[in-house]
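Take a look at the letters that make up each chain.
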Amino acid sequence: MNKRPNYFLFTAPFVAIIAIIAVIWPTLLTESIIKTTTFLFTTFDWLVTWLPLLALLLGLYFAFSKYGSIRLGGDSAKPEYSLFSWMSMLFTAGIGVGIVFYGPIEALWHYYSAPIGVNNPNLTPAEAMENAMSLAIWVWGVYILLEDL
């Protein structure tokens with residue numbers, strides 16, 4: 001039997017401390033997060049640009065080198081899914097991640113500053129909300145409809 005560490009015991013106190021700080025000193029936590037992310041993005045912006053490119057080049061190297069022909073699963077293993085199924089699953093996973101992380105915030109972003117469409121400061125809150133939701137659905141709605149098919 002392989003004994004694995006219980007990661008909950010390590011992470012729960014950290015999450016509890018952050019939650020307590022967020023409740024007691026929300027301004028301090030917000031300022032700390034802003035300062036930290038500003039530092040990371042201004043100091044390591046080159047890493048955000050070059051690391052995905054490096055990962056792509058490394059993946060292409062392994063795919064087209066002698067290591068790309070290594071068969072995973074043994075000589076008699078058959079793929080459970082076709083290439084089309086794999087590509088469909090990867091596409092759906094990417095869209096799902098986008099919807100989860102960017103779907104809700106995008107409507108709020110359009111509510112406060114619509115990049116296209118009606119961007120009139122004299123709109124009522126209901127009209128601004130309708131404009132924001134129509135823009136957000138324009139971006140994500142087609143994929144949501146396709147996933148329901």
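Being a predicted model, the structure only gives us computed values, none of them experimental. (Residues numbered from 1 in each chain as written. Predicted model: local features only at pLDDT ≥ 70, side-chain atom pairs only at ≥ 80, totals over all residues. Heavy atoms only, no water.)

(A) Seen up close, the overall build of the chain. Broken down by element type, the chain carries five helices and zero strands. Shown N-terminal to C-terminal, the secondary structure of the chain runs as helices and strands in the order α-α-α-α-α. Restricting to contacts in the chain with at least 6 residues of sequence separation, those with at least 24 account for 45%. Accessible area for the chain stands at about 13200 Å²; split by element, carbon and sulfur atoms hold 73% of it. (Helix = DSSP H or I, 4+ residues; strand = E, 2+ residues; numbered from the N terminus. Contact = heavy atoms within 4.5 Å. Areas by Shrake-Rupley, 256 points an atom, 1.4 Å probe, with all protein chains shown as cover.)

(B) Representation of the environment of Asn131 within the structure. Checked against the element boundaries, Asn131 lands in helix 5 (residues 125-148). In sequence terms Asn131 and Tyr111 are 20 residues apart; their C-alpha atoms lie 7.3 Å from each other.

(C) Layout of helix 4 (residues 83-112). Taking 1.5 Å per residue as the helical rise, helix 4 with its 30 residues ought to reach 44 Å, and the 42 Å between its terminal C-alpha atoms agrees with that figure. Maximal helix bending in helix 4 amounts to about 45°, located at Tyr102; proline Pro104 follows within four positions. For helix 4, every residue scored as buried is listed here: Ile95, Gly98, Gly103, Glu106, Ala107 and His110. (Expected span 1.5 Å × (residues − 1). Bend = angle between axes of the 7 residues up to and from the residue. Buried < 20%, exposed > 50% of the residue type's maximum accessible area, 1.4 Å probe, protein only.)

(D) Quick peek at the confidence of the model for the chain. Here the chain shows a mean pLDDT of 84. Residues at 70 or above account for 89%. The least confident element of the chain, judged by mean pLDDT, is helix 5 at 73; the most confident is helix 1 (residues 7-24) at 93. (pLDDT = per-residue confidence, 0-100.)

(E) Just the packing of aromatic side chains, in detail. For the structure shown, the criterion picks out six aromatic pairs. On the basis of an interplanar angle of 65° and a centroid distance of 5.9 Å, the ring pair of Phe62 and Tyr67 is categorised as edge-to-face. The structure contains a cluster of three or more aromatic residues connected by ring pairs, namely Phe39, Phe44 and Trp46. (Phe/Tyr/Trp six-rings, centres within 6.5 Å; stacked < 30°, edge-to-face > 60°.)

(F) Geometry of the side chain of Glu106. Within the fold, Glu106 resides in helix 4. Although Glu106 is buried, it forms no salt bridge, and the closest oppositely charged side chain is Lys35 at an N-O distance of 31 Å. Contacts of Glu106, omitting those with residues within four sequence positions, involve Val139 and Trp140. (Lys, Arg positive; Asp, Glu negative; His and termini not counted. Salt bridge = Lys/Arg side-chain N within 4 Å of Asp/Glu carboxyl O.)

(G) Seen up close, the environment of Ala126. With respect to the helices and strands, the residue Ala126 is situated in helix 5. In this structure the C-alpha to C-alpha distance between Ala126 and Tyr111, which are 15 residues apart in sequence, comes to 10.0 Å.

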